Amino acid sequence: MLKLLLAAVACYAVLALLVYLMQARMLSLPDVPGRSLDRTPADIGADYSDAWIRTSDGVRLHGWFLPGDSDRVLLFFHGNAGNISHRLESIRQFLQLGLSVLIIDYRGYGQSEGRATEQGIYRDAEAAWQYLVETNNVAEEHIVLFGRSMGASAAAFLAARHQPLALVVESSFTSVPDIAAEYYPWLPVRWLSRLRHSTAEFVRQADCPVLVIHSRDDEIVPFRHGEAIFTAAGEPKAFLEIHGTHNDAFLRDERSYLGGLRSFLDELQVIDFTDKKAGLSPAFL
């Protein structure tokens, strides 16, 4: 019995060590389904130009800039797998809303150099922001920050440090330790986690209108994470509930999705940002 107990403890310790050492590779999946760009915006009939961006630590990032019908630019941070060529349907939707779009691949993704790390992703986000504001003279108050899933931490990171027009958080977890504790309740993941991606805390620090989008059917990130992020946000804020799985709700429930986004963006024109108690239309809640 003692030998069995010691063997079990040893197996548990090895598993905990593997989780500690491999967690970055478990979260960042640039090779799923691959780093090659399968398509370009030309495949959806959209004009675009390549954006090459240099980060503060010298990493060269690749992205696309797509002009829209207004002076508002949506800065798009995608999830933990794939690359920008797998986000053409979202780009189509944002162009349909009249927005210009800058979408980048994080370091280690797509055609971007380097290897993905959490701090590196934040540097990538800052470089993309500076590319718009300093290189292309886009006014901060014309930038809508958008982050889906893991990308929401990058978008919220920027919102906590700058003054964008708005922040949109879609299908995101509150933090890595929070979601990991739900997936691995039998491991001390809060002690083991070297990754944070503290979306809820960044949202709490943000001083701009916030829209949280989440599906109650999300099988990867439970709906309660979206609710917790919404609770963390200051006013004005809104919540848009959509239907579908983690990876397809924005398409499966496209009518509600686009309608909610359009209403949120339209209402930004009339919000008095100096009145933090103003709030957004209760129709979102």
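Draft legend 1. The arrangement of the side chain of S100 in detail. Structurally, S100 is set in strand β4 (residues 100-104). Sequence-distant contacts of S100, defined by excluding residues within four places in its chain, comprise F65, L66, P67, G68, S70, R72, V73 and L74.

Draft legend 2. Quick peek at the layout of surface pockets. Here the largest pocket is characterised by a volume of approximately 910 Å³. For the lining of the largest pocket, the secondary-structure elements that each account for two or more residues are α1 (2-27), α2 (88-96), α5 (176-183) and α6 (189-192). Taken together, the residues of the lining of the largest pocket sort by class into 20 nonpolar, 10 polar and three charged.

Draft legend 3. How the structure looks around the pattern of salt bridges. Under the definition given, this model contains 11 salt bridges. Residue R107 pairs with D57 through a salt bridge whose shortest N-O separation is 2.8 Å. Highlighted residues: R107 in the loop between β4 and α3 (118-135) and D57 in the loop between β1 (49-54) and β2 (60-66), separated in sequence by 50 residues. The exposure class assigned to R107 is buried, which follows from its relative accessible area of 5%. Among the residues examined, D57 registers a relative accessible area of 38% and is labelled partly exposed. Between R107 and D124 there is a salt bridge, with its nearest N and O atoms 2.9 Å apart. A residue pair is termed long-range when its members are at least 10 positions apart, and R107 in the loop between β4 and α3 and D124 in helix α3 qualify at 17 residues. The burial state of R107 is the same as that of D124; both residues are buried. Each of D57, R107, R123 and D124 takes part in one network of salt bridges that share partners.

Draft legend 4. Representation of the packing of aromatic side chains in the model. One pass over the structure, following the stated rule, counts 12 aromatic pairs. Measuring from ring centre to ring centre gives 5.7 Å for Y48 and W64, while their planes differ by 65 degrees; the resulting arrangement is edge-to-face. In this pair, Y48 is assigned in the loop between α1 and β1 and W64 in strand β2, connecting sequence segments 16 residues apart. By relative accessible area, which is 32% here, Y48 ends up partly exposed. Classification of W64 as buried rests on a relative accessible area of 1%. When the ring of Y122 is compared with that of F202, the centres are 5.6 Å apart and the planes differ by 85 degrees; the resulting orientation is edge-to-face. Taken together, the residues Y122 in helix α3 and F202 in helix α7 (residues 199-205) connect sequence positions 80 residues apart. Here Y122 matches F202 in class, with each residue buried.

Draft legend 5. Representation of α3 within the structure. With 18 residues, α3 should reach 26 Å at 1.5 Å per residue; the first-to-last C-alpha distance of 25 Å fits that figure. Those residues of α3 that sit buried are E118, G120, I121, Y122, D124, A125, A127, A128, W129, Y131 and L132. One or two positions beyond α3, positive phi appears at N137, with a value near 55 degrees.

Draft legend 6. Representation of α2 within the structure. Along α2, the residues classified as buried are L88, S90, I91, Q93, F94 and L95. Residues of α2 that are buried make contact with β2, β3 (73-77), β4, β5 (143-148), α9 (249-252) and α10 (254-267).

Cut-offs applied
- Residues numbered from 1 in each chain as written.
- Predicted model: local features only at pLDDT ≥ 70, side-chain atom pairs only at ≥ 80, totals over all residues.
- Heavy atoms only, no water.
- Helix = DSSP H or I, 4+ residues; strand = E, 2+ residues; numbered from the N terminus.
- Contact = heavy atoms within 4.5 Å.
- 1 Å grid on protein atoms, 1.4 Å probe; cavity = no way out; pocket = protein on both sides within 12 Å on 5 of 7 lines; lining within 4 Å.
- Points joined across faces, edges and corners; volume = space filled by probe spheres on them.
- Nonpolar A, V, L, I, M, F, W, Y, C, P; charged D, E, K, R; others polar.
- Salt bridge = Lys/Arg side-chain N within 4 Å of Asp/Glu carboxyl O.
- Buried < 20%, exposed > 50% of the residue type's maximum accessible area, 1.4 Å probe, protein only.
- Phe/Tyr/Trp six-rings, centres within 6.5 Å; stacked < 30°, edge-to-face > 60°.
- Expected span 1.5 Å × (residues − 1).

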